[in-house]
Amino acid sequence: MNKSTKNPPGLLFWMIEQLIPEQLTETGSGDYAELYQIIYAERGKWRAKVWLLLQVFRAVPYYISESILWSTILFRNYVLTAWRNIVRNKIYSFINISGLAIGLTASILILLFVNNELSFNNFHKDEERLFRVGVNFPKWDGPDEYGKSCPVVMGPALREYFPEVESSIRFASQYAVVRHGEKRFSERIRFTDKEFFDVFSFDLAAGDPATALSDLSSIVLTEQYAEKYFGDENPTGKTLSLTFGDKQRDFTVSGIARNMPNNSSILFNFLVRVENMEFTYSKEAVTNWGDFSYPIYLKLNENSRPESMNKKFPEFVTTYIVPAFSKWDESASVENPPVKLQLQKIRDIHSIDNAMRGSSRTTFLLMSIAFFILAIASINFMNLSIARSSQRFTEFGMRRVLGANRKQLMRQFWSESTVMTGISMFTGIILAILLLPLFNELAGKRLTTADLLTPLFIAEGILTIFIVGILSGSYPAIVMTAFKPVEVLKNRIAGRGKTKLNKTLVALQFALSIFMLLVAIFVGRQLYFMIGTDTGYNKDGLVTINIQEYETEAEAKVLERFKTLAASYPDIENVSAASVTFGAGRSGYPIQTEEGSLTVIQYKVAHDYLKTIGVELITGRDFSREIASDSNAVIVNESLLNIMKIENPLGKQLGNPSDGYPYHLTIIGVVPDYHFLSLKREIGPMIIHMVPGWGLNRLLVSINTGNISETLINLESIWKEIQPDKPFTYSFISDDLARQYSVERRWFNIVQYSTIFAFLIALMGMYGLISFAVTRRIKEIGIRKVLGARVLNIYNLIVKEYVVLVLAANLISWPAAYFTVRQILQNYHYRIDIEPLYFIITGAVSILVMLLVISYSVVKTANRNPADSLRTE
Amino acid sequence: MKIISRVEELIMLSIWRLGEEAYTVPIMEEANRHTGSKWILSGIFIPLNRLEKKGLIASELGDPTPERGGKRKRFYKITDEGFAALKEVRDVEKSMWDGLSDIPA
């Protein structure tokens, strides 16, 4: 037999060695070597090598299946140990898990919000080809402000003129009283083109999208409204009666649409053909090029590019709009177009529409809040894990002594922190689902559990669990298992240095919480200021009722009859009417005097307006029934006089520049500057007049606030006598005003709750940290007690350590809070001052909180019998 | 006691047959001789581990030899529990096959 041993080739041999199960590493390689010799001897070098190569390949499947099996067994073991450890320390685990869970809940909710915002209008087929027509009036708008209101007649014109346009969809609206059987309500009806369902992807629960709007008398309604009017009946084919003003028409239900998705800017409850508007409103509505009221959406052909259309728009404007405009605006010409058009991508319209209200900024700010909270919670989590680990040195030492190798120990701690994170995530999601209705209320959205449980979210969730789990477990896993078991058991390692890290983290948490608290305080104060400020007119006890007529004469009749009937009720003080309620007002009304021209806000009113809203003239007189020429009279406010530098207002003539000279409006009275718009804006120039031409939409009634419910009933009965066919829709001005600030309200609520969250988490963090700090020093405290120290002394000892921490936290957060609050308040013309008092109060509160936490921990520990403390080792 | 698998049974029987010289390589060759299928070392390692973990076989390290690149051998023998398990398998098989007619040719 050949005695010389042939060495198997290094690389292949190394590979096969890797694939041998752990328990047999020593002997297994010997087996392969032995066989190698034999084959070498029998068949030669190359066959031996081939054999070895083959072995490598064939060993792989066995290796894989064994690994998986082992991992599952090990996994189960680690999870079990992890779970036992968690249960062993219920308080710590509870604090840690709930802290992180809360942080996760907040982040989840906010992420849902942001996702929803960013996904608006993305569900339409071919959405890259869908656009809305943006309109800019250079005279009144800033150069980049494009609104969405177009004339109805422009829709077909665009389709004819531009080959790029495949379909044009108009989306007008009008209110009508809808009737079926006993049910009768005032609803908003949408008017659109035949191809609506071809262009937009709205699902129909019943009916065929291709034909739903082929008939002029077809109507499509949503499931919700189908139920409202038809209950359980099948609505398809049935008749709905719609009454617009005094014009009635029957429509046949041709389709039922699914309820509107929560990310659509295009919303409807009832949909009919726009051609009906000629009857329901007027011929003017569908032919007038000057009436810019409703959006128009375009679907471009596949190969067309929006840029080429944008370039051609000026020509279009010249062809169609300039001729129409020059009839009443002589400045309109080819060189000076009265209107500029531009295509807006359908994915952008949500942020465009909400930009005015700062919604894209909202998104950014919300994400910052989510990030803050999550940061606080994660820091907490890691902090507490670290603090807890330092208590377990003895345990680690024992485990090492009993034979655990370092890798196993590391894996154990990682699995522990991952399991905790997993539980937190699960809790966080459940919490988020529970809080969804409340959050929807706060954020003005309709988010559902379905939005939450998308595959993307779930994947992100799992990823987060692993990242946070491994990160927070890293400290104990890596650092602490590195120590030699002997040293640990002898208690040489006290983990002194880590306290600094812990303290910094807690200070950071507190700083963030204090920051949020300060912002919340000032935002809240601003809100209450705005709601509470005297508006300058009598907003309490002022009720507005929708007239719902379309013709001036009809409106005036309603007013007259109402006034007559109301006279018999003493609690109804004054009745008047206006074109619009407070907070709005037709802006951009140009006036001209000898001195110059100005754009003002205009209110069209009826007699007794000022009496009704409770504003007294500074000088001059109110509109009077007796004086016929009062139809050309106006009342202005101080601001207008100041800006135009008019010294003697009474009798001054002014007019609309398009009417030309002589100006036929005369100033008969002056009112003080009252807040007819929101407090966000400075009080601007305003005129009130009774010029005919457009209508009065709302009755204004001032009532005695003593007996509101009864008076409301009276109002309703008066209404029923005058307008039995129309629903009684009313609201209180004070409510309307509060609603103006709904954005702020929402904001404030979110900030408020977030702050509570953040503070709670920081509190838990501080509590956890301090209780560890105290328990770590049980022995020390025991000794001190034996030596005669009183609980108070021990208390002072700990307080000294942490006072600095809280003061530092305050110091960091104050400047940041100050700048942020100032930034926010810039948006409001009428705003509160940033008083230092609140900073001091917050600081004091934070110190108080810290003292409380310390007291609780110290009392719990220091009251133990020193003998017991010294005995625990 | 758990019923051992076919593979485990065959390996244990190979160990039994080999007596003193029962280490991985001869076990593999013995099994190959009887079953005709090509067992490979990887396929032996794992069942050997499992059996040892279950306590049905026991092992001892031998001396290193030069052909094995200086590595030792691991010698296996069947434990009492192992024999009990084999007996159980045989009893189960007997009772299962009992009364069944012959396999059709």
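Keep in mind it's a predicted model, so treat the numbers as computed, not measured.

### A closer look at the overall build of chain A
Move 1: Within chain A, the secondary structure is distributed over 28 helices and 21 strands.
Move 2: Taking all 873 residues of chain A together, 49% fall into the buried category.
Move 3: Of all intrachain contacts in chain A linking residues separated by at least 6 positions in sequence, the fraction that spans at least 24 positions is 79%.
Move 4: Accessible area of chain A: about 42,300 Å², with a carbon and sulfur share of 57%.

### Some words on unusual backbone geometry
Residues and elements named next belong to chain A.
Move 1: The phi torsion at Asn 121 lies on the positive side, around 65°, for a residue other than glycine.
Move 2: In this fold, Asn 121 is placed in the loop between helix H4 (90-118) and strand S1 (130-136).
Move 3: Even without glycine at this site, Asp 608 takes up a positive phi of about 65°.
Move 4: Here Asp 608 shows up in the loop between strand S14 (597-604) and helix H20 (609-613).
Move 5: The class for Asp 608 is buried, based on a relative accessible area of 15%.

### A look at the pairing of strand S11 (residues 542-546) of chain A
Within a regular beta strand, the side chains point alternately toward one face of the sheet and then the other, so they alternate between its two faces.
All names here are of chain A.
Move 1: The buried fraction of S11 is high, at four of five residues.
Move 2: Bridge analysis of S11 against strand S20 (residues 698-703) gives five bridges, and the strand direction is antiparallel. Within S20, the residue paired with Asn 546 across the bridge is Arg 698.
Move 3: Examined bridge by bridge, S11 and strand S21 (residues 730-732) share three bridges and lie antiparallel to one another.

### A few points about the packing of helix H3 (residues 45-88) of chain A against helix H14 (residues 406-443) of chain A
Residues and elements named next belong to chain A.
Move 1: It is at 8 Å that the axes of H3 and H14 come closest, and there the two elements cross at 65°. It follows from the interaxial angle that H3 and H14 lie roughly perpendicular. Pair H3 / H14 crosses with right-handed handedness. Between H3 and H14, the residues in contact are Leu 74, Tyr 78, Val 79, Thr 81, Ala 82, Trp 83, Asn 85 and Ile 86 and Gln 408, Arg 411, Gln 412, Ser 415, Glu 416, Val 419, Met 420 and Ile 423, respectively.
Move 2: Looking at the contact of H3 with H14, its residues break down into nine nonpolar, five polar and two charged.

### Let's talk about the nonpolar core
Move 1: Met 766, Tyr 802 and Ile 854 of chain A are the most contacted members of the largest nonpolar core, which has 88 residues in total.
Move 2: The contact partners of Met 766 of chain A, leaving out residues within four places of it in the chain, are Val 506, Phe 510, Leu 805, Val 806, Met 850 and Val 853 of chain A.
Move 3: With 40 residues, the next largest nonpolar core counts Leu 12 and Leu 24 of chain A together with Leu 48 and Leu 56 of chain B among its residues.

### So, the pattern of salt bridges
Residue and element names in this part refer to chain A.
Move 1: Under the definition given, this model contains 24 salt bridges over all chains.
Move 2: Linking Asp 126 and Arg 129 is a salt bridge whose minimum nitrogen-to-oxygen distance equals 3.6 Å.
Move 3: Salt-bridge contacts for Glu 187 lead to Lys 228; the nearest nitrogen and oxygen are separated by 2.8 Å. Taken together, the residues Glu 187 in strand S3 (residues 183-192) and Lys 228 in helix H7 (residues 223-230) connect sequence positions 41 residues apart.
Move 4: The buried category is assigned to Glu 187, whose relative accessible area is 5%.

### Some thoughts on the interface of chain A and chain B
Move 1: In this assembly, 24 residues from chain A lie in contact with 25 residues from chain B.
Move 2: Summed over both sides, the interface between chain A and chain B buries roughly 2,200 Å², with carbon and sulfur atoms accounting for 61% of that surface.
Move 3: Three residues, Leu 24, Asp 31 and Glu 34 of chain A, lead the burial of chain A against chain B; their summed loss comes to 24% of the area buried on that side.
Move 4: Residue Arg 50 of chain B is joined to Glu 66 of chain A by a salt bridge in which the shortest nitrogen-to-oxygen separation is 2.8 Å.
Move 5: Connecting chain A to chain B are four residue pairs in polar contact (both at pLDDT 80 or more).
Move 6: For the side of chain A that touches chain B, the secondary-structure elements that each account for two or more residues are helix H2 (25-43) and H3 of chain A.
Move 7: When residues of the side of chain A that touches chain B are assigned to their parent elements, the largest contribution, eleven residues, is made by H2 of chain A.

### Let's talk about the confidence of the model for chain B
As a note on interpretation, predicted positions should not be read in detail where pLDDT is low.
Move 1: Counting all residues, the mean pLDDT for chain B is 87, and 97% of those residues have values of 70 or more.
Move 2: On the interface metric, ipTM, the complex scores 0.86, and its pTM is 0.65.

### Re H7 of chain A
Residue and element names in this part refer to chain A.
Move 1: When we look at burial in H7, the residues that qualify are Tyr 225, Ala 226, Tyr 229 and Phe 230. Looking straight down H7, one finds its buried side chains confined to an arc of 110°; they lie on one side.
Move 2: Residues of H7 that are buried make contact with strand S2 (165-180), S3, strand S5 (218-222), strand S6 (239-244), strand S7 (247-257) and strand S8 (270-273).
Move 3: In the stretch just after H7, Gly 231 is the one whose phi turns positive, near 60°.

### Quick notes on helix H10 (residues 306-325) of chain A
All names here are of chain A.
Move 1: Largest kink in H10: about 40°, centred on Thr 318.
Move 2: Buried within H10 are the following residues: Met 309, Phe 313, Phe 316, Val 317, Ile 321, Val 322, Ala 324 and Phe 325.
Move 3: Residues of H10 that are buried make contact with helix H5 (154-161), S2, strand S9 (296-300) and strand S10 (340-345).

### Observations regarding the sheet that holds S21 of chain A
Residue and element names in this part refer to chain A.
Move 1: Spatially, the four strands line up as an open sheet ordered S12-S20-S11-S21, and their pairing is antiparallel. The sheet terminates laterally at strand S12 (572-578) and S21, the two strands that pair on one side only. On average, adjacent strands in this sheet sit at an angle of 25° to one another, irrespective of strand direction.
Move 2: Pairing between S12 and S20: six bridges, direction antiparallel. Residue Asn 574 lies in a different strand from S20, and its bridge partner there is Ser 702.
Move 3: Packed onto the sheet, helix H22 (residues 708-722) meets S11, S12, S20 and S21 and runs at close to 145° relative to S20.

### With respect to a nonpolar patch on the surface
Move 1: Taken together, the side chains of Ile 3, Val 92, Met 96, Trp 97, Leu 100 and Ile 103 of chain B make up a nonpolar region of the molecular surface, amounting to roughly 660 Å² of accessible area.
Move 2: Residue class for Met 96 of chain B comes out exposed when judged on its relative accessible area of 60%.

### Quick word on the environment of Leu 640 of chain A
Residue and element names in this part refer to chain A.
Move 1: Along the polypeptide, Leu 640 turns up in helix H21 (residues 638-644).
Move 2: Since its relative accessible area comes to 0%, Leu 640 is described here as buried.
Move 3: On a C-alpha basis, the gap between Leu 640 and Leu 598 in space is 8.8 Å, while along the polypeptide they are 42 residues apart.
Move 4: Setting aside its immediate chain neighbours within four residues, Leu 640 contacts Ile 591, Val 600, Ile 646, Pro 685, Met 686 and Ile 687.

### Quick word on the packing of aromatic side chains
Residue and element names in this part refer to chain A.
Move 1: Throughout the structure, instances matching the rule amount to 33 aromatic pairs over all chains.
Move 2: Ring centres 6.0 Å apart and planes at 80° place the aromatic pair Tyr 161 and Tyr 320 in the edge-to-face group. With Tyr 161 in helix H5 and Tyr 320 in helix H10, this residue pair connects regions lying 159 residues apart in the sequence.
Move 3: Judged by its relative accessible area of 24%, Tyr 320 falls in the partly exposed class.
Move 4: With 5.1 Å between their ring centres and 90° between their planes, Phe 196 and Phe 197 make a pair best called edge-to-face.

### Some details on the packing of helix H1 (residues 10-18) of chain A against H2 of chain A
Residue and element names in this part refer to chain A.
Move 1: Axis separation between H1 and H2 bottoms out at 9 Å; the angle between their running directions is 140°. In this view, H1 runs oblique relative to H2, as classed from their interaxial angle. H1 and H2 meet at a crossing whose hand is right-handed. Between H1 and H2, the contacting residues are Phe 13, Ile 16 and Glu 17 on the first element and Ser 29, Tyr 32 and Ala 33 on the second.

Cut-offs and rules
Residues numbered from 1 in each chain as written. Chains lettered and ligands numbered in written order. Predicted model: local features only at pLDDT ≥ 70, side-chain atom pairs only at ≥ 80, totals over all residues. Heavy atoms only, no water. Helix = DSSP H or I, 4+ residues; strand = E, 2+ residues; numbered from the N terminus. Buried < 20%, exposed > 50% of the residue type's maximum accessible area, 1.4 Å probe, protein only. Contact = heavy atoms within 4.5 Å. Areas by Shrake-Rupley, 256 points an atom, 1.4 Å probe, with all protein chains shown as cover. Pairing = 2+ DSSP bridges. Axes fitted to C-alpha atoms, helices over the stretch in contact; angles between N-to-C directions. Parallel < 35°, antiparallel > 145°, perpendicular 65-115°, else oblique. Left-handed = near helix turned anticlockwise from the far one by under 90°. Nonpolar A, V, L, I, M, F, W, Y, C, P; charged D, E, K, R; others polar. Core = buried A, V, L, I, M, F, W, Y, C linked by side-chain atoms within 4.5 Å. Salt bridge = Lys/Arg side-chain N within 4 Å of Asp/Glu carboxyl O. Buried area = accessible area lost by both parts, 1.4 Å probe. Polar contact = N/O pair within 3.5 Å; in protein donor to acceptor, adjacent residues only side chain to side chain. pLDDT = per-residue confidence, 0-100. Arc of directions from axis to C-beta. Bend = angle between axes of the 7 residues up to and from the residue. Patch = residues over 30% accessible without salt bridge, like charges linked within 9 Å, V, L, I, M, F, W, Y side chains within 5 Å. Phe/Tyr/Trp six-rings, centres within 6.5 Å; stacked < 30°, edge-to-face > 60°.

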